[in-house]
Every structure is written in structure tokens, then in C-alpha cells.
Amino acid sequence: MTSSNVKEIEDLVKIISKLPGLGPKSAKRIVLKLINNREELIKPLTNILARVYKSVVRCNICGNLKSINLECTCANKKYDQICVVENIADMWVIEGSGIYKGHYHILGGTLPAIENKKTDGLLIAPLIDRVKKNSVKEVILATSATIEGQTTAHYIQNSLKDTKVKISKLAQGLPVGGEIEFLDDGTLFSAFKNRGPVVSD
Ligand SMILES: [Zn+2]
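Because the structure is predicted, anything quoted here is derived from the model rather than measured.

Considerations on the overall build of the chain
Then comes step 1: Counting its regular elements, the chain contains seven helices and seven strands.
Then comes step 2: Going from N to C terminus, the chain has its helices and strands arranged as α-α-α-β-β-β-α-β-α-β-α-β-α-β.
Then comes step 3: Across the 201 residues of the chain, 37% fall into the buried class.
Then comes step 4: Long-range contacts, defined here as pairs at least 24 residues apart, represent 58% of the contacts in the chain between residues at least 6 apart.
Then comes step 5: For the chain, the accessible area works out to roughly 12500 Å², and carbon and sulfur atoms hold 56% of it.

Comments concerning the nonpolar core
Then comes step 1: Counting 23 residues, the largest nonpolar core has Val84, Val139, Ile156 and Leu160 as its most contacted members.
Then comes step 2: Going through the elements one at a time, strand 3 (81-85), helix 5 (125-133), strand 5 (138-141) and helix 6 (147-159) are the ones with two or more residues in this core.
Then comes step 3: In terms of residue count, helix 5 provides more of this core than any other element does, three residues in total.
Then comes step 4: Sequence-distant contacts of Ile156, that is, excluding residues within four places in its chain, are made with Val84, Leu107, Ile124, Leu127 and Leu141.

Digging into the coordination of the zinc ion
Then comes step 1: Taken together, the protein ligands of the zinc ion are Cys59 (SG), Cys62 (SG), Cys72 (SG) and Cys74 (SG), with distances of 2.3 Å.
Then comes step 2: One can describe the donor arrangement at the zinc ion as tetrahedral, given that its four donor atoms subtend angles of 101 to 113° at the metal.
Then comes step 3: Here the donor residues of the zinc ion share one chain and are spaced in sequence as C-x2-C-x9-C-x1-C. Placement of the pair is Cys59 in the loop between strand 1 (56-58) and strand 2 (65-67) and Cys74 in the loop between strand 2 and strand 3, with a sequence separation of 15 residues.

Some remarks on helix 1 (residues 7-16)
Then comes step 1: Looking at helix 1, one finds that the buried residues are Ile9, Val13 and Ile16. Projection of helix 1 onto a plane perpendicular to its axis shows the buried side chains occupying an angular sector of 70°, all on one side. Opposite the packed face of helix 1, turned more than 90 degrees from it, sit the exposed residues Lys7, Glu8, Lys14 and Ile15.
Then comes step 2: Here the buried face of helix 1 lies against helix 2 (24-36).

Re the packing of helix 1 against helix 2
Then comes step 1: Running from amino to carboxyl end, helix 1 crosses helix 2 at an angle of 125°, the nearest separation of the two axes being 8 Å. Taken together, the axis directions place helix 1 and helix 2 in an arrangement best described as oblique. The chirality of how helix 1 crosses helix 2 is right-handed. Between helix 1 and helix 2, the contacting residues are Ile9, Leu12, Val13 and Ile16 on the first element and Pro24, Ala27, Lys28, Ile30, Val31, Leu34 and Ile35 on the second.
Then comes step 2: Classifying every residue of the contact of helix 1 with helix 2 by side-chain character gives 10 nonpolar, no polar and one charged.

Re the pattern of salt bridges
Then comes step 1: One pass over the full model with this rule turns up four salt bridges.
Then comes step 2: With its nearest N and O atoms 2.8 Å apart, the salt bridge here joins Lys7 to Asp11. Of this pair, Lys7 and Asp11 are both found in helix 1, four residues apart, which corresponds to roughly one turn of the helix.
Then comes step 3: On the accessibility criterion, Asp11 (30% relative accessible area) is partly exposed.
Then comes step 4: Put simply, Glu138 and Lys166 hold a salt bridge, and the shortest N to O gap is 3.9 Å. Highlighted residues: Glu138 in strand 5 and Lys166 in strand 6 (residues 166-169), separated in sequence by 28 residues.
Then comes step 5: Take Glu138: its relative accessible area is 7%, and that puts it in the buried class.
Then comes step 6: You can call Lys166 partly exposed: its relative accessible area is 44%.

Parameters at a glance
- Residues numbered from 1 in each chain as written.
- Predicted model: local features only at pLDDT ≥ 70, side-chain atom pairs only at ≥ 80, totals over all residues.
- Heavy atoms only, no water.
- Helix = DSSP H or I, 4+ residues; strand = E, 2+ residues; numbered from the N terminus.
- Buried < 20%, exposed > 50% of the residue type's maximum accessible area, 1.4 Å probe, protein only.
- Contact = heavy atoms within 4.5 Å.
- Areas by Shrake-Rupley, 256 points an atom, 1.4 Å probe, with all protein chains shown as cover.
- Core = buried A, V, L, I, M, F, W, Y, C linked by side-chain atoms within 4.5 Å.
- Donors = N, O, S within 2.8 Å, 3.2 Å for Na, K, Ca; no water.
- Tetrahedral: all angles 85-135°; square planar, octahedral: opposite > 155°, others 65-115°.
- Arc of directions from axis to C-beta.
- Axes fitted to C-alpha atoms, helices over the stretch in contact; angles between N-to-C directions.
- Parallel < 35°, antiparallel > 145°, perpendicular 65-115°, else oblique.
- Left-handed = near helix turned anticlockwise from the far one by under 90°.
- Nonpolar A, V, L, I, M, F, W, Y, C, P; charged D, E, K, R; others polar.
- Salt bridge = Lys/Arg side-chain N within 4 Å of Asp/Glu carboxyl O.

That is the geometry; function is a separate question.
What follows is the structure, encoded as C-alpha cells:
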């Protein structure tokens, strides 16, 4: 692959090839497309990236993305169910499947499987608050079927012990080690439909 002798282009290729699913080859194709469409692509892309950088943030309560100037949808709204996921990609997959249309809580990762169960950076405390404040009736734990995902689900389940909330967990159809993000709609649909109550120990 020949490389460009323009530093800016090289830098752009480098950044774009860091995006998911793209390698240096496809990054170069994208850059070429951009360069050939300065007005139609580069200009609006520059503007929207600057706007996203400036005004899109993660809500520090529900973990979803929100505009810095607006109140998040998790505030001041009554809802009965919260679906707890590890990350935004997981939420988008569940939303896209159409199986669940309620509110979400995005943890921002998982707890490590062994020891050191530090919840730093994970939005677990805000989840407990939301459940209590909104008198939520059901918490659906849609964490992955990985050890970390299950450890996290278990931790949340314990943290919600004192509340009367019903806790259910995606069950049948979810393969062991299955990450939500990579499940097909059919598997996800059946896992969601067949979710079962979790039993405290
Ligand atoms: Zn929020």
C-alpha cells in the first residue's frame, strides 16, 4: 500500500483506521472519498463533529448520551421498568430488536470477575437511586452471559435486596459467554421474552 506524502492525510488515515471495523485499507478509501467531496462531506462532517464534541455528554445518572443543554429523559419521568445494560451498543441492539421500548440504565462496563469489586466509574449507585425514587417495579438485568456480566448482575441484585423491585434476568437463548452486542435479534428476542426472576441468596 503506498502511503500519502501529505502529513494531514496520513494523520487522518491513522485516526479513521482506529474506528471499529476499519483497517488502514478502508480508512484510506474513506479519506479519498472525503477529499473528493470537500463541500458535501468534509465541511458538514467538520461541523457536526465539533458540535458533538462540544455538546454531547454522558448523563451521570442513567449513562445514556444527552445534549449538554437539555435535561436527560431519565429525569422527572415516571416509569415502571428499567433495563440495565453494560454499554450503549447493547442498548442500541435491544432497541433495534423492538422487544423492549422502556427506559434503560447504562452501567458503563462490568465489574471484574474476581476480587476488587470496585464499582468506580460504573453507574450502580445511581441505578439504586432511580429504582427507589421512581418506585420502579421491574429491573431487567440485560448484562452479557460472560463471567463479568454475571458478576455485575449478581452485585446489582444484592444491592437491590432492600427494595421491593422485581428483578429479572435474560435467560434462555443467551449462550454462555454471549455478549449482548453480538447477538442476533432472534436470540435476543427469546432471551428477553423468557427472562426469569432472580433469586436472592
Ligand atoms: Zn439520564
